[in-house]
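Here are the chains, one letter per residue:
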Amino acid sequence: MNVISAETTFHGTPLESIFKTSKKTIQEYVREIDRHCRYKSIQSQVTRGVVLDDRGPLIDLYEACVEQDAHLRAVLETVESQIIGERYMLARQNERGKYIKDVEETKKIQGSQFTKIIKGIVEAKWYGYTLLEIMPDINPLTGKLAEVNIIERRNVLASQLRVVQRQGQWNPGWDIASSQYSKNYILIDNGDLGLFSATTPTILAKKFTLANYVNFSHTYGQPIIHGKTESESIQDRQRLAQNIANAAQNKIIVTGLNDDIDIKTFTMSNSEHIYTSLINFANTEVSNLIVGSESMAGATQSYVGSTNAHQDIFRERIEMYRGFIENVMNEEIVPRLVSMGYIKPGLEFKYANRVEMSNKDKISLYSFITDKYEVSADEIEKEFGIVVGKQFNAISEMASNSGTINGSSNDRRIMSDEEYYKRYGHRRGERKNSSNVENFLMEGE
């Protein structure tokens, strides 16, 4: 599919790009790697004005794999779910090194336009580079940035620091390193071809393998129905064959007295495992490269220890992504937003320093904490959405001195405070309705 698009713009000027994202082959990938190698070999010997770093065809390969491979798309969605949301903030560091969140300024960076910035930064690791366009206009309805764009990669010569209006042609174009554009345009160059350069050949091989597997299933996956008749007439045999062919739909077949029908089923062999194992291998390689673990991208593990190990690797990989985003934000994005007057100076972009865990682990953690520390009801409602009342085990010193205040000194504190309260109906050091008992005895007299 060859499509020329002029929808994307640079500084208001439409860019013309050619999209070829269908029927991609491994030979095209090899050709683009050869092109990049030639560029690296001669880049210092060619004068300015010649398009060398044209990665448009390579971007076609990358986008074809993202569009057509469900597993890769799911892995990327998993990463995005961990880097987007209310996990980040604008904060100021105090003298003790603790980050204090600025609530009002953080609201400015929690919106759809700022999400584009984060996605563009992390996509630089996958595609190799991203050119962000941040316009200073403010949306009057939301008070947030009105326009943020990711410039079409096919028109960006990342290593030559230039944007071309027509893909593959040097002029007309713009030098993004000039001071005129440096305020609103930010090039995030990973320095290589990106992680997709390693996933693309595997996915292309997987597509070829999957097509062969479908053909194999059509050929050998269905049983053969064998009919035998004593009639020598060709018409009778053809009539029987037609009846057998229609039996799958009609659910009934009528044969002659001496006709036989036999279903030939194939025994299980290792032939089909060749295809499935290659497909699983490709999925595992993609998962390991992007998120560091195949189990966190949908695979199952045979025992708990293996799953926990993969979760640790996954969390480390997500921390790496977040660290990369924080560095780019604080070094490139935030200073420009400050110069635009959009956010206050002195703030840093920071991901919340909290442990990502499952609901089961959260419940265990809160059970451990609330047994030793007082936790506010607002915190419980914020984390779990459950409205709770007064905390039983937050009643303090009275319980700790329970053996000496109106209580028995025989309490060996075998039971916890909660168990004591549930069993006797009052806390340690208290007598349950003692005045009521005395009044009852006096009235009886």
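Rules used throughout
Residues numbered from 1 in each chain as written. Predicted model: local features only at pLDDT ≥ 70, side-chain atom pairs only at ≥ 80, totals over all residues. Heavy atoms only, no water. Buried < 20%, exposed > 50% of the residue type's maximum accessible area, 1.4 Å probe, protein only. Helix = DSSP H or I, 4+ residues; strand = E, 2+ residues; numbered from the N terminus. Pairing = 2+ DSSP bridges. pLDDT = per-residue confidence, 0-100. Contact = heavy atoms within 4.5 Å. Axes fitted to C-alpha atoms, helices over the stretch in contact; angles between N-to-C directions. Patch = residues over 30% accessible without salt bridge, like charges linked within 9 Å, V, L, I, M, F, W, Y side chains within 5 Å. Areas by Shrake-Rupley, 256 points an atom, 1.4 Å probe, with all protein chains shown as cover. Salt bridge = Lys/Arg side-chain N within 4 Å of Asp/Glu carboxyl O. Core = buried A, V, L, I, M, F, W, Y, C linked by side-chain atoms within 4.5 Å. Parallel < 35°, antiparallel > 145°, perpendicular 65-115°, else oblique. Left-handed = near helix turned anticlockwise from the far one by under 90°. 1 Å grid on protein atoms, 1.4 Å probe; cavity = no way out; pocket = protein on both sides within 12 Å on 5 of 7 lines; lining within 4 Å. Points joined across faces, edges and corners; volume = space filled by probe spheres on them. Nonpolar A, V, L, I, M, F, W, Y, C, P; charged D, E, K, R; others polar. Phe/Tyr/Trp six-rings, centres within 6.5 Å; stacked < 30°, edge-to-face > 60°. Lys NZ or Arg CZ within 6 Å of the ring centre and 35° of its normal.

Asker: Even after reading the chapter, I still don't get the pairing of strand β7 (residues 129–134), so can you show me in this structure?
Answerer: Successive residues of a regular strand alternate their side chains across the two faces of the sheet. Most of β7 is tucked away: six of the six residues are buried. Of the two faces of β7, the one carrying Tyr129, Leu131 and Glu133 and the one carrying Thr130, Leu132 and Ile134 are both buried. Here β7 pairs with strand β12 (residues 185–189) via five bridges, running antiparallel. From the neighbouring strand, Glu133 faces β12, where its bridge partner is Tyr185. Here β7 runs beside strand β8 (residues 148–150); their pairing, made up of three bridges, is antiparallel. Bridge assignment links Glu133 to a residue of β8, and that residue is Asn149.

Asker: Looking at this structure, how should I read the confidence of the model for the chain?
Answerer: One rule of thumb: low pLDDT means the predicted coordinates there are not for detailed reading. For the chain, per-residue confidence averages 80 on the pLDDT scale, and 81% of positions sit at 70 or higher. Mean pLDDT per element in the chain: helix α13 (residues 397–400) is the minimum at 46, and β7 is the maximum at 94. Every residue in residues 396–407 is under pLDDT 50, and counting partners more than four places away or in other chains gives 17 contacts.

Asker: I would appreciate a short explanation of the sheet that holds strand β5 (residues 88–93) in the present structure.
Answerer: Strand pairing in a sheet relies on backbone hydrogen bonds, with the paired strands running either antiparallel or parallel. Reading across from one edge, β6-β5-β15 is the order of the three strands in this open sheet, with antiparallel pairing throughout. In this open sheet, the two edge strands, each paired with only one partner strand, are β6 (99–101) and β15 (348–351). On average, adjacent strands in this sheet sit at an angle of 55 degrees to one another, irrespective of strand direction. The sheet contact formed by β5 and β6 spans three bridges and is antiparallel. Bridge assignment links Ala91 to a residue of β6, and that residue is Lys101.

Asker: Whenever I open this one, a nonpolar patch on the surface confuses me. Can you help?
Answerer: On the surface, Ile225, Ile253, Ile261 and Ile263 cluster together into a nonpolar patch covering about 320 Å² of accessible area. Within the secondary structure layout, Ile261 lies in strand β14 (residues 260–264).

Asker: Explain the nonpolar core to me, please; I cannot follow it from the model alone.
Answerer: In summary, soluble globular proteins display a tendency toward joint burial of nonpolar side chains. Among the nonpolar cores identified, the biggest contains 62 residues, and Phe10, Ile290 and Phe349 are the most heavily contacted of them. At nine residues, helix α10 (residues 304–339) tops the list of elements feeding residues into this core. With residues up to four places along the chain from it excluded, the contact list for Ile290 reads Leu72, Val75, Leu76, Val79, Trp126, Leu195, Phe196, Thr199, Arg317 and Tyr321.

Asker: Looking at this structure, how should I read the packing of helix α3 (residues 70–83) against helix α5 (residues 112–127)?
Answerer: Any two packed helices are characterised by how steeply their axes cross, that is the angle between the axes, and by the distance between the axes. At their nearest, the axes of α3 and α5 sit 11 Å apart, and the two run at 135 degrees to each other. Judged on the interaxial angle alone, α5 and α3 are oblique. Viewed along their axes, α3 and α5 form a crossing whose handedness is right-handed. Facing α3, whose interface residues are Leu76, Val79, Glu80 and Ile83, α5 presents Ile118, Lys119, Val122 and Trp126.

Asker: It is not clear to me how the pattern of salt bridges should be interpreted in this structure. Could you clarify?
Answerer: Any two side chains of opposite charge can pair, so long as their charged atoms come close to each other. The final tally for this structure, using the stated rule, is 19 salt bridges. Note that Arg35 and Glu32 form a salt bridge whose closest N and O atoms lie 2.9 Å from each other. Residue Arg35 and its partner Glu32 are both found in helix α1 (residues 26–42); the two are separated by three residues, about one turn of the helix. Between Glu152 and Arg154 there is a salt bridge whose closest N-O contact spans 2.7 Å. Residues joined by salt bridges that share partners form a network here, namely Asp60, Glu63, Glu152 and Arg154.

Asker: How should I be thinking about empty space enclosed by the protein in this particular structure?
Answerer: The gaps of empty space that remain are located by a probe, the size of a water molecule, rolled over the atoms. A full pass over the atoms with the stated rule returns two cavities of 30 Å³ or more. Of the pockets and cavities examined, the second largest cavity occupies roughly 70 Å³. Broken down by element, the residue count for the lining of the second largest cavity peaks at four residues, all from α1. Looking at the lining of the second largest cavity, its residues break down into three nonpolar, one polar and five charged.

Asker: What is the right way to look at the packing of aromatic side chains in this model?
Answerer: How two aromatic rings sit relative to each other is given by the distance of their centres and the angle of their planes. Within this structure, the stated rule accounts for 14 aromatic pairs. Here the aromatic residues Tyr62, Trp126, Tyr127, Phe196 and Tyr321 are joined through ring pairs into a cluster of three or more. Lying across the ring of Tyr342, Lys108 places its NZ or CZ 5.9 Å from the centre. Over the aromatic face of Tyr127 sits the side chain of Arg153, whose NZ or CZ is 4.2 Å from the ring centroid.

Asker: How do you make sense of the sheet that holds strand β9 (residues 156–157) when you look at a structure like this?
Answerer: Taken together, three strands build an open sheet; the order of strands is β9-β10-β11 and the sheet is antiparallel. The sheet terminates laterally at β9 and β11 (173–175), the two strands that pair on one side only. Judged from the two bridges that link them, β9 and strand β10 (residues 162–164) form a sheet pairing that is antiparallel. Pairing of Val156 across the sheet is with Val163, part of β10.

Asker: I tried to follow the environment of Val328 on my own but got confused; where do I start?
Answerer: Positionally, Val328 belongs in helix α10. The exposure class of Val328 is buried, given its relative accessible area of 10%. The spatial distance from the C-alpha of Val328 to the C-alpha of Ile186 is 9.9 Å, given a sequence separation of 142 residues. Setting aside anything within four residues of it in sequence, one finds Val328 in contact with Ile121, Ile188 and Ile333.

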